[in-house]
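Each chain is listed here by its residues.
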Amino acid sequence: MAKEASVTPWEVKGNIDYDRLVKEFGVSRIDENLLKRIKKQAGTLHHMLRRNIFFAHRDLKWILDEYDKGNRFFLYTGRAPSGHVHLGHLVPWMFTKWLQDVYGVELWFQFPDEEKFLFKESMTLADTEHFTRENAYDVIALGFDPKKTHFLIDTKHAGVMYKEALKVAKKITFSTAKAAFGFRPEQNIGAIFYTAMQAVPAFLPSVLAGKKIPCLIPHAIDQDPHFRVSRDVITKIGHYKPASIQCRFLPGLGGMSTDGKMSASEAETAVYTTDSPETVRKKIMKYAFSGGQATVEEHRKKGGNPDVDVSYQWLTFFEEDDRKLKKIYDDYSSGKMLTGELKQILVDKLNSFLKEHQKKREKAKDKYEDFIFKEP
Ligand code: TRP
């Protein structure tokens, strides 16, 4: 039975109805027209746009209009350090890297190292400090341009960030925060303030440059409440309202109806960037929810269901080649391809990606300092 769905920045569970989220959050669907315009500007369309993995936005048209006028935007995204990076985390970052490449723009990447300290009982500041580095290696490994990429670490860059966060915080009431995040009276007061810190990188580059620069925030849909509450406030303090573009979640290995998204705290639902090839193989073979039939005979007759099959769904995120993907879809749903064969395709795909990623992640350790924002 499907668990009741819940999507907040602190919890994602159950079978997610994206149509309902679009309505509830008040974001817009990315339509054909927007896709055409991106394709024209970028020269290509990323597979996550072609496949509706990035599916919603706020004010994206404005960003593209400004770009056509020669007014370039900057990108902003982030990661609250709290544990090892898994494949689900990489989804918006890979897309952000593509945006940086095709638009040639700056990226501000926030590591709010206070966030999980405030929201998770067991997390210490020493833990989040440790994971800031560990997680940053994964971000660097994706190949962001060191000259155009700036890491902001909240406790480290508090000097420039705090003043700006105060301006935001002053204009958000407790009742607004409560309505957006569902805070209860026993919530610690640090957690209530946090959203002001997450708003800052959306306009800090404008503060530093002394002129308004448009901002585009790629993120998974669960982060939208932060920006919903801060967008208007940001205009009130003299900056452009940030635009955003939202993606779906990579489902956990257990399937779409049980694990809303991959969870870093549940090792059997996730594949980590540091997993060995053998671990990846075991996890996929053992835990990836299958859309196949109970017996080979039945499977050959009826075929599998790629729409609920986690291995197939993961390939829609990681196999860029549309023709290859279509063939897998056809062969699996006709019964020509068995679940074990489909899983093997995914295992090979992930392991060849991770082999490269792990090499680059090792090299990233020497590059860390180059990415940290240096205050002027
Ligand atoms: N809150 C995000 C998390 O839990 C981290 C984050 C900070 C972020 N700023 C962001 C995510 C901007 C997307 C966009 O990981």
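Rules behind the numbers
Residues numbered from 1 in each chain as written. Predicted model: local features only at pLDDT ≥ 70, side-chain atom pairs only at ≥ 80, totals over all residues. Heavy atoms only, no water. Salt bridge = Lys/Arg side-chain N within 4 Å of Asp/Glu carboxyl O. Buried < 20%, exposed > 50% of the residue type's maximum accessible area, 1.4 Å probe, protein only. Domains from an automatic or database assignment. Contact = heavy atoms within 4.5 Å. Buried area = accessible area lost by both parts, 1.4 Å probe. Polar contact = N/O pair within 3.5 Å; in protein donor to acceptor, adjacent residues only side chain to side chain. Helix = DSSP H or I, 4+ residues; strand = E, 2+ residues; numbered from the N terminus. Nonpolar A, V, L, I, M, F, W, Y, C, P; charged D, E, K, R; others polar. Axes fitted to C-alpha atoms, helices over the stretch in contact; angles between N-to-C directions. Parallel < 35°, antiparallel > 145°, perpendicular 65-115°, else oblique. Left-handed = near helix turned anticlockwise from the far one by under 90°.

Draft legend 1. The pattern of salt bridges, seen in detail. Per the stated rule, a full pass over the model turns up 28 salt bridges. Linking Arg184 and Glu186 is a salt bridge whose minimum nitrogen-to-oxygen distance equals 3.4 Å. Overall, the relative accessible area of 60% leaves Glu186 in the exposed class. The shortest N-O distance in the salt bridge between Lys283 and Asp275 comes to 2.7 Å. Taking relative accessible area as the criterion, Asp275 reaches 11% and is therefore assigned buried. Taken together, the shared-partner salt bridges in this structure form one network comprising Arg37, Lys61, Asp65 and Asp68.

Draft legend 2. Fine view of the domain arrangement of the chain. One can read the domain layout of the chain as domain 1 (6-253) and domain 2 (265-362). The straight-line distance from the C-alpha centre of domain 1 to that of domain 2 is 29 Å. The interface is formed by 23 residues belonging to domain 1 together with 29 residues belonging to domain 2. Interface area for domain 1 against domain 2, summed over the two sides, is near 2300 Å², with a carbon-plus-sulfur share of 65%. If you sort the residues of domain 1 by the area they bury against domain 2, Arg51, Leu87 and Leu253 come out on top, with a joint share of 36%. Our count for the contact surface shared by domain 1 and domain 2 stands at four salt bridges. There are 16 residue pairs in polar contact (both at pLDDT 80 or more) connecting domain 1 and domain 2. Only helix H3 (47-50), helix H5 (87-103) and helix H7 (125-141) provide two or more residues apiece to the side of domain 1 that touches domain 2. Class assignment of the residues belonging to the side of domain 1 that touches domain 2 gives a composition of 14 nonpolar, four polar and five charged.

Draft legend 3. Expanded view of the packing of H5 against helix H15 (residues 310-318). Interaxial distance between H5 and H15 falls to 11 Å at its minimum, and their mutual angle equals 30°. One way to sum up the angle between H5 and H15 is to call them roughly parallel. Regarding H5 and H15, the two cross each other, and that crossing is left-handed. Contact residues: Leu87, Val91 and Met94 in H5; Trp314, Phe317 and Phe318 in H15. Of the residues in the contact of H5 with H15, the class split is six nonpolar, no polar and no charged.

Draft legend 4. Examining unusual backbone geometry more closely. The phi angle at Asn52 is positive, at roughly 65°, despite the residue not being glycine. Along the chain, Asn52 turns up in the loop between H3 and strand S4 (54-58). Positive phi outside glycine occurs at Asp59, with the angle close to 55°. By the element assignment, Asp59 lies in the loop between S4 and helix H4 (60-68). Using a relative accessible area of 33% as the deciding quantity, one classes Asp59 as partly exposed.

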